[in-house]
Amino acid sequence: MNRPKPGRILPSEITPEAVHQDRRRLLATLGYAGVGLALGGATAARAARTGPVPTVTRNAKFVARETPNSWDDITSYNNFYEFGLDKADPKENAQDFRTQPWAVEIAGECDAPGKLTLEDILKPHALEERIYRFRCVEAWSMVVPWMGFSLADLLTRFKPNSRAKYVEFTTLLDPRQMPGQRRAVLEWPYVEGLRIDEAMHPLSFVAVGLYGRWLPNQNGAPLRLVLPWKYGFKGIKSIVRIRFTERQPRNSWNIAAPDEYGFYANVNPAVDHPRWSQAKERRLGGSLFTARVDTLPFNGYGEEVASLYRGMDLRKYF
Amino acid sequence: MKRLAFCGALVPLLWLIAAAFGIAGLSLGPNPSRELLHFTGKTALNLLWIGLLASPLRILTGDPAWIRPRRIVGLFAFGYALLHFVIYAALELGLDFSDLAREIVKRPFIVVGTLALLLLVPLAATSTDRMMRRLGRRWQSLHRLVYPATVLVVWHFWWQVKKDVTEPLLYATALALLLGFRWWRAQARRDPHASNTQRGT
Ligand code: HEM
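Rules of the game
Residues numbered from 1 in each chain as written. Chains lettered and ligands numbered in written order. Predicted model: local features only at pLDDT ≥ 70, side-chain atom pairs only at ≥ 80, totals over all residues. Heavy atoms only, no water. Helix = DSSP H or I, 4+ residues; strand = E, 2+ residues; numbered from the N terminus. Buried < 20%, exposed > 50% of the residue type's maximum accessible area, 1.4 Å probe, protein only. Lys, Arg positive; Asp, Glu negative; His and termini not counted. Salt bridge = Lys/Arg side-chain N within 4 Å of Asp/Glu carboxyl O. Near = heavy atom within 4 Å. Polar contact = N/O pair within 3.5 Å; in protein donor to acceptor, adjacent residues only side chain to side chain. Nonpolar A, V, L, I, M, F, W, Y, C, P; charged D, E, K, R; others polar. Expected span 1.5 Å × (residues − 1). Bend = angle between axes of the 7 residues up to and from the residue. Axes fitted to C-alpha atoms, helices over the stretch in contact; angles between N-to-C directions. Parallel < 35°, antiparallel > 145°, perpendicular 65-115°, else oblique. Left-handed = near helix turned anticlockwise from the far one by under 90°. Contact = heavy atoms within 4.5 Å. Buried area = accessible area lost by both parts, 1.4 Å probe.

(A) Up close: the side chain of R182(B). Residue position: R182(B) is located in helix α9 (residues 166-190). Look at R182(B): it is buried, it has no salt bridge, and the nearest opposite charge is D63(B) at 16 Å.

Structure follows, in structure tokens:
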């Protein structure tokens, strides 16, 4: 169980492990769907880190059938190279990461650019809970109850103009706080991009929490993207800049290995990574003998997003 | 020394079993088969280079005792490598043999790993006292296969990393030193003017 250091969050604000365990048992017996609302409402009050306590409502339109992974699975097995290369590193190295104060710069092809504090960003949005499947390009996956708001709702606030064909996102660059950035494993800062219609799609989500609590640092605090039909690396973490562009932005993994990672990175069981198959995935949290599950096109969100890519050769635009 | 090596090489296995069954608070984490795969692969490689350390140590210290634990270390290296393969086939792929066959031919890093494993098979098979006696001098030559096998393993390791090759680079450097030492010795022996005429492997 991830317990933030004393002083950063009052111990009383943290959901005790026993409560959490009870809840998980409840989830297991009732099936998650029945308790999602209660869960969101009850824990949000204890986890507040900034400003007024958010009320979280579950968005019934976006609830995966699968049982969510445990808090432990979701917060102790992360790819966040800014905090180390091993899956366990981010949890270990991100504990002292400061996410307050936090500002996000809005730039590029829009009528309302500027610099917003995290509080400004959050203010107009009602937080909702969505349970999404999450598929890493490394062929493992989990199911996560995120808390946040629709990316489209955020982006429209900045009034993108007609030249805004794409959106670029940038992670914080701070090698003092992010030890992984002291080595040139990737080109820092981490950058990602979306076509504007992808960004405006109802599934595209800005997460600021999970399991009704504020996002732990290792999961990309204070705000990150969640794009459930794409490989996890598109879900850029700890965002400090959003820029509307006319040209397709660069994205970090594509810069690092263009033959292995594309710009689109839509989950696609038919297109292998050069070094491993994408046909199946390992759902985290199973036992040693749990079989892998089949990977679905667009991670099972094809009905919603396939039309974005009509007429495109998905082998070429992987 | 031999018994010590035996016990030492057994430690990773004990850790592995404890972690798999959640003994002593150990755990394999959210992706247990992957953890086992990496752990056994790394252990096999570590034992391989430790085995390669034996003969330089003997030569540098002049103490033949360093050679004695070598066979047991090598055997354990093979054991962990085999376990690594079994974990891949049985736990990662769930004994889907068509998947296994496809992966083995399709992924260069797995082709290289498989070759390494195959090279280790005859070495493990001839590691008994009887085989040693029966093969005589040929035993030595046969067991030099451990050099290409270890090179292939480091290559396999190198190829499977996603981005950062620091760790395999360290292994490659260590291996280069260990093999370079042997090459240097062989050169020195061939050179009649060299003062050092001791035989070694
Ligand atoms: C049939 C033979 C083999 C197969 C199918 C195989 C398969 C694999 C796979 C799938 C991985 C993990 C790749 C990933 O995480 O993406 C791996 C990693 C590795 N393997 Fe093998 N391997 C084989 C032989 C060997 C042998 C013989 C050794 C050593 C003696 C070895 C040592 C390693 C090491 C050191 C790693 C990296 C572990 C780490 O990153 O911690 N492999 N192998």
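(B) How the structure looks around the site of the ligand. Residues and elements named next belong to chain B. As a structural note, the neighbourhood of the ligand is formed by 20 residues, with R34, H38, H84, H156 and Q160 the closest of them. Contact between the ligand and H84: a nitrogen atom at 2.8 Å from a side-chain N or O atom of the residue. One nitrogen or oxygen atom from the side chain of Q160 is found 3.2 Å from an oxygen atom belonging to the ligand. Of all the elements in the fold, those that place two or more residues in the shell around the ligand are α2 (32-61), α3 (70-92), α5 (108-125) and α8 (146-160). The dominant element in the shell around the ligand, judged by the number of residues it contributes, is α2, at seven residues. Its residues placed into classes, the shell around the ligand shows eleven nonpolar, seven polar and two charged.

(C) Highlighting α2(B). Residue and element names in this part refer to chain B. Over its 30 residues, α2 runs 42 Å from end to end, which matches the ideal 44 Å to within 8%, given 1.5 Å per residue. The largest bend along α2 measures about 25 degrees and falls at S55, with the proline P56 one to four residues further on. Downstream of α2 by a residue or two, G62 has a phi angle that is positive, lying close to 75 degrees.

(D) Layout of the packing of α3(B) against α5(B). All names here are of chain B. Running from N to C, α3 and α5 cross one another at 140 degrees; their axes reach a closest spacing of 10 Å. Between α3 and α5, the interaxial angle falls into the category oblique. Crossing handedness for the pair α3 and α5: left-handed. Touching L75, F78, A81, L82, F85 and Y88 of α3 are I110, L117, L120, V121 and A124, all from α5. Counted by class, the contact of α3 with α5 contains eleven nonpolar, no polar and no charged residues.

(E) Layout of the interface of chain B and chain A. Taken together, the contact pairs 24 residues of chain B with 30 residues of chain A. Surface buried jointly by chain B and chain A totals about 2,000 Å² across both partners, of which 49% is contributed by carbon and sulfur atoms. Counting every contact that joins chain B to chain A gives six salt bridges. Salt-bridge contacts for E138(A) lead to K162(B); the nearest nitrogen and oxygen are separated by 2.8 Å. Where chain B meets chain A, there are 17 residue pairs in polar contact (both at pLDDT 80 or more). With four residues, the top contributor of residues to the side of chain B that touches chain A is α2(B). For the side of chain B that touches chain A, the residue count by class is ten nonpolar, four polar and ten charged.

(F) Representation of the environment of L284(A) in the model. Relative to the helices and strands, L284(A) is located in the loop between β12 (280-283) and β13 (293-294). Taking relative accessible area as the criterion, L284(A) reaches 4% and is therefore assigned buried. Separated by 136 residues in the primary sequence, L284(A) and G148(A) have C-alpha atoms spaced 23 Å apart. Apart from residues no more than four positions distant in its own chain, L284(A) is found in contact with N69(A), D73(A), Y77(A), W140(A), S141(A), M142(A), P30(B) and N31(B).

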